[in-house]
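Given next are the chains, with one letter for each unit.
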Amino acid sequence: MDRQGDVIDPARAAAMLAILGRAQDIEAGAQMPPFFHQLYFWDARPTQELGRDGHPRTGIGLIPDMGLPRRMWAGGRLRFHAPLVSGVAAEKRSAVETTYRKSGRSGPLAFVTLRHEIWQAGALCVTEWQDLVYRQDPEKGQPRPALPNAPMGEEQATDVTFDTTMLFRYSALTFNGHRIHYDERYAREVEGYDGLVVHGPLLAQLLMLMAQDALGPLRGFSFRATAPLLHHETATLCRKGHALWVRGPDGRQCMQAEAEV
């Protein structure tokens, strides 16, 4: 098990609130919004330990090498046992829970699930299961898989836009060096996207805050990325009851989620 300590600095949380366009009304002793633990416990590796994508190279530290070059955060599940408190030291305990391989329509795939526990003042505050997927590089001319259509009939909808500055600031604040979020040439020429990719955890964060605003404090939350959203696209955050999703401008579903209160 890997262990990391950090202080839940309110200044970092206030910076995230600024990125999200929310009031920066957080001080030491205040309860943290859900999922804000992602701002802490940075894995700061030296340059020689980074992969071509800017992430820590697989096989170093906790992340296993699954023999495939492309890696992304595909989804996750969270249990909120108690609120994290800003200004107080905390510990993150992480372990690899499962690994497996299979063949998909686009070729071989590998999946890794990490389990993270966030402890503060001797109490377990958050348990998170983080699902990673590994893929091979896309072949030129290879047809793209059909993307799922997002549901309609939501009871709440909010349009959101992203730009390169927002993605860069979010990458910096979460210490996410993945180049698909800030290096457009790399995103297009190496990984085959049509632009910069909006972070999956950023979309999940927006959905969590939408759910909490509408339903009250969260006990749990699960999400799964189903299609990439690009930085030049307007997306719609949707909610119907405890079900949430992100709809792209062409009607595709980019993320689906479920809140538990």
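Residues numbered from 1 in each chain as written. Predicted model: local features only at pLDDT ≥ 70, side-chain atom pairs only at ≥ 80, totals over all residues. Heavy atoms only, no water.

A. Seen up close, the sheet that holds strand S2 (residues 70–80). The 10 strands are arranged S1-S3-S4-S5-S2-S7-S10-S9-S8-S6 in an open sheet whose pairing can be described as antiparallel. Taken across any chain shown, the strands that pair with only one partner, and hence form the sheet edges, are strand S1 (2–7) and strand S6 (156–160). Averaged over all adjacent pairs, the angle separating strand axes in this sheet is 20°, with direction ignored. The sheet contact formed by strand S7 (residues 220–225) and strand S10 (residues 253–260) spans six bridges and is antiparallel. Looking across to S10, one finds that Phe-221 is bridged to Ala-259. (Pairing = 2+ DSSP bridges. Helix = DSSP H or I, 4+ residues; strand = E, 2+ residues; numbered from the N terminus. Axes fitted to C-alpha atoms, helices over the stretch in contact; angles between N-to-C directions.)

B. Spotlight on the environment of Gln-212. Mapped onto the elements, Gln-212 comes out in helix H4 (residues 200–215). By relative accessible area, which is 26% here, Gln-212 ends up partly exposed. Separated by 170 residues in the primary sequence, Gln-212 and Trp-42 have C-alpha atoms spaced 26 Å apart. Sequence-distant contacts of Gln-212, defined by excluding residues within four places in its chain, comprise Pro-34, Pro-217 and Leu-218. (Buried < 20%, exposed > 50% of the residue type's maximum accessible area, 1.4 Å probe, protein only. Contact = heavy atoms within 4.5 Å.)

C. Spatial organisation of the environment of Met-166. Topologically, Met-166 is positioned in helix H2 (residues 164–174). Sequence separation of Met-166 and His-231 is 65 residues, and the distance between their C-alpha atoms is 9.2 Å. Not counting residues up to four positions away in its chain, the partners in contact with Met-166 are Ile-19, Thr-161 and Leu-202.

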